[in-house]
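Spelled out, the chains give:
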Amino acid sequence: MRSLSEDRRTKTDQLILTAPVSVGKIVMAKYLAMVLIHGIVIVGMTIMTLFLDTLGDAPTRQNLIAVLGFALYGMTCIAVGLFISSLTESQIISAVMTFGALFVGYMMSGITQLISSSGNILTKILGCYDLRTPLDSFFDGCFSVSGVVYYLSVSLLFVFLTTQSIQKRRWQMTRSKLSAGVFSTGFIAVGVAVTVIINLIVSELPSSITSIDMTSSKLYSLTQDTKEYLKTLDKDIAIYVIASEGSVDSTVSETLKRYQDGSDHITVEYKDPVKFPTFYQQFTDSSVSSGSLIVVCGEQSRVIDYSDLFESDIDYTTYTSTVTGYDGEGQITSALQ
């Protein structure tokens, strides 16, 4: 956070800005220097992960994917801090503003859920600054192509904004320079628009392309039998999830994406029980827990309770339940059949 603010306070930025090097190269050099320091930590984490593999049967691939996600997340945080550092000459103000900006980005998923659980235009706009959700895919053991694109594009965007922030200070408010300032504003708008468009395009790609299952048990992958069965479907089937999209268990959500990608006849809809408290009563007289699924084909339907998606053992000495497995594919395929 002091990388540019300290230079501005001590006036050493004037020596840098008058050097025969472009502002873009100066900003990129500072950014890559900080990424290198961050990389030292990542190398240490990678070595520990590989060391654990030599001591036992550790999920090495899954751990390395998590480390990769943390590395990309850190690179984005560095870019945000670098940009805010270019806005002030006080490193204290820069540190506080950076902490606030990164905290908002980390909590953005919860903020959008408070605004609207079903989503609207405002939540979609705010969701562009959701720094944590792409990280969850890496921590769950999936190599997320969309996550890689998101973190890299946002990092480059903030590096670009940093360059424009420094360039703006160099311009004097004369008539001849005003047009350059307007051009810079338009250039920033184009940069933001390109970043948003790229991420929107990637998000529309099938999950089979954008999310690669790296778990040792292939937790998020469908078996070949299920894939072949999905190809034989000739009737439209709707899978209703009794929960808001943002509150669904990530494992269940990833599984449903695989089913939706496997057949054009399958659609997935989320029904927030707060907004639709009696929706499930169209298909069953029994109460339905949050997170349950309702598979509907014409007049036929079947309810999959959330607890049936997971296998669990009960310790009768403490009366606690422990999840021991996941049977989402078995339950959903059975319901489809």
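Definitions and cut-offs
Residues numbered from 1 in each chain as written. Predicted model: local features only at pLDDT ≥ 70, side-chain atom pairs only at ≥ 80, totals over all residues. Heavy atoms only, no water. Helix = DSSP H or I, 4+ residues; strand = E, 2+ residues; numbered from the N terminus. Buried < 20%, exposed > 50% of the residue type's maximum accessible area, 1.4 Å probe, protein only. Areas by Shrake-Rupley, 256 points an atom, 1.4 Å probe, with all protein chains shown as cover. Lys, Arg positive; Asp, Glu negative; His and termini not counted. Charge placed at Lys NZ, Arg CZ, Asp CG, Glu CD. Bend = angle between axes of the 7 residues up to and from the residue. Contact = heavy atoms within 4.5 Å. Axes fitted to C-alpha atoms, helices over the stretch in contact; angles between N-to-C directions. Parallel < 35°, antiparallel > 145°, perpendicular 65-115°, else oblique. Left-handed = near helix turned anticlockwise from the far one by under 90°. Nonpolar A, V, L, I, M, F, W, Y, C, P; charged D, E, K, R; others polar. Pairing = 2+ DSSP bridges. Salt bridge = Lys/Arg side-chain N within 4 Å of Asp/Glu carboxyl O. pLDDT = per-residue confidence, 0-100.

So, the overall build of the protein chain
(1) Moving on: Each helix and strand counted, the protein chain has 13 helices and eight strands in total.
(2) Moving on: Along the first, second and third principal axes, the C-alpha set of the protein chain runs to 75 × 55 × 40 Å.
(3) Moving on: Evaluated residue by residue, the protein chain yields a buried proportion of 39% over its 337 residues.
(4) Moving on: Split by element, the accessible area of the protein chain, about 19,100 Å² in all, is 62% carbon and sulfur.
(5) Moving on: Averaged over its 23 positive side-chain charges, the protein chain has a centre that lies 20 Å from the centre of its 31 negative ones.

Describing helix α5 (residues 91-115)
(1) Moving on: Of all the bends found along α5, the most pronounced is centred on M108 and spans about 60 degrees.
(2) Moving on: For α5, the full list of buried residues reads S94, T98, A101, L102, G105, M108, S109 and T112.
(3) Moving on: Contacts from the buried residues of α5 go to α1 (5-10), α4 (60-85), α6 (121-127) and α7 (133-139).

Thoughts on the packing of helix α12 (residues 250-262) against helix α13 (residues 328-336)
(1) Moving on: In contact at an axis separation of 11 Å, α12 and α13 are set at 40 degrees when each is read in the N-to-C sense. Judged by the angle between their axes, α12 and α13 are oblique. Considering only the axes of α12 and α13, their crossing is right-handed. Only E329, I332, T333 and L336 of α13 make contact with α12, whose side of the interface consists of T255, L256 and Y259.
(2) Moving on: Its residues placed into classes, the contact of α12 with α13 shows four nonpolar, two polar and one charged.

Some thoughts on the sheet that holds strand β4 (residues 266-270)
Whether parallel or antiparallel, the strands of a sheet pair through hydrogen bonds between backbone atoms.
(1) Moving on: Sheet architecture is open: four strands sit in the order β4-β3-β5-β6, paired in mixed fashion. Where the open sheet ends on each side, the last strands, each with one partner, are β4 and β6 (300-304). Adjacent strand axes in the sheet meet at a mean angle of 20 degrees when their direction is disregarded.
(2) Moving on: Here four bridges tie strand β3 (residues 237-241) to strand β5 (residues 293-297), and the two strands are oriented antiparallel to one another. Across the sheet, the residue bridging to I239 is V295, located in β5.
(3) Moving on: Packed on one face of the sheet, α13 meets β3, β4, β5 and β6 and runs near 165 degrees to β6.

Focus: the pattern of salt bridges
(1) Moving on: For the structure shown, the criterion picks out eight salt bridges.
(2) Moving on: Two residues, D136 and R132, come together in a salt bridge whose shortest N-O distance is 4.0 Å.
(3) Moving on: Among the ionic pairs, K271 bridges to E269, the shortest N-O distance being 3.9 Å.
(4) Moving on: Residue class for E269 comes out partly exposed when judged on its relative accessible area of 34%.
(5) Moving on: Counted as one network, the salt bridges with shared partners bring together R2, E6 and R9.

A word on the pairing of strand β7 (residues 310-315)
Residues in a regular strand project their side chains so that they alternate between the two faces of the sheet.
(1) Moving on: The sheet contact formed by β7 and strand β8 (residues 320-326) spans six bridges and is antiparallel. The partner of F310 across the bridge, within β8, is Y326.
(2) Moving on: Where β7 folds back onto β8 in an antiparallel hairpin, the turn is made up of four residues, including Y319, whose phi is positive at roughly 55 degrees.

Brief notes about the packing of helix α11 (residues 224-231) against α13
(1) Moving on: Following both chains from N to C, one finds α11 and α13 inclined at 25 degrees, their axes separated by 11 Å at the closest point. In terms of orientation, α11 lies roughly parallel with respect to α13. Note that α11 runs across α13; the crossing there is left-handed. Along the contact surface, α11 presents T226, Y229 and L230, while α13 presents E329, T333 and L336.
(2) Moving on: Its residues placed into classes, the contact of α11 with α13 shows three nonpolar, two polar and one charged.

So, the confidence of the model for the protein chain
(1) Moving on: Here the protein chain shows a mean pLDDT of 86. Residues at 70 or above account for 94%.
(2) Moving on: Within the protein chain, the lowest mean pLDDT, 73, falls on helix α9 (residues 175-203), and the highest, 94, falls on α4.

Observations concerning unusual backbone geometry
(1) Moving on: In this structure, K11 is a non-glycine residue whose phi angle is positive, near 70 degrees.
(2) Moving on: For K11, the position within the fold is in the loop between α1 and α2 (13-17).
(3) Moving on: For K11, a relative accessible area of 48% puts it in the partly exposed group.

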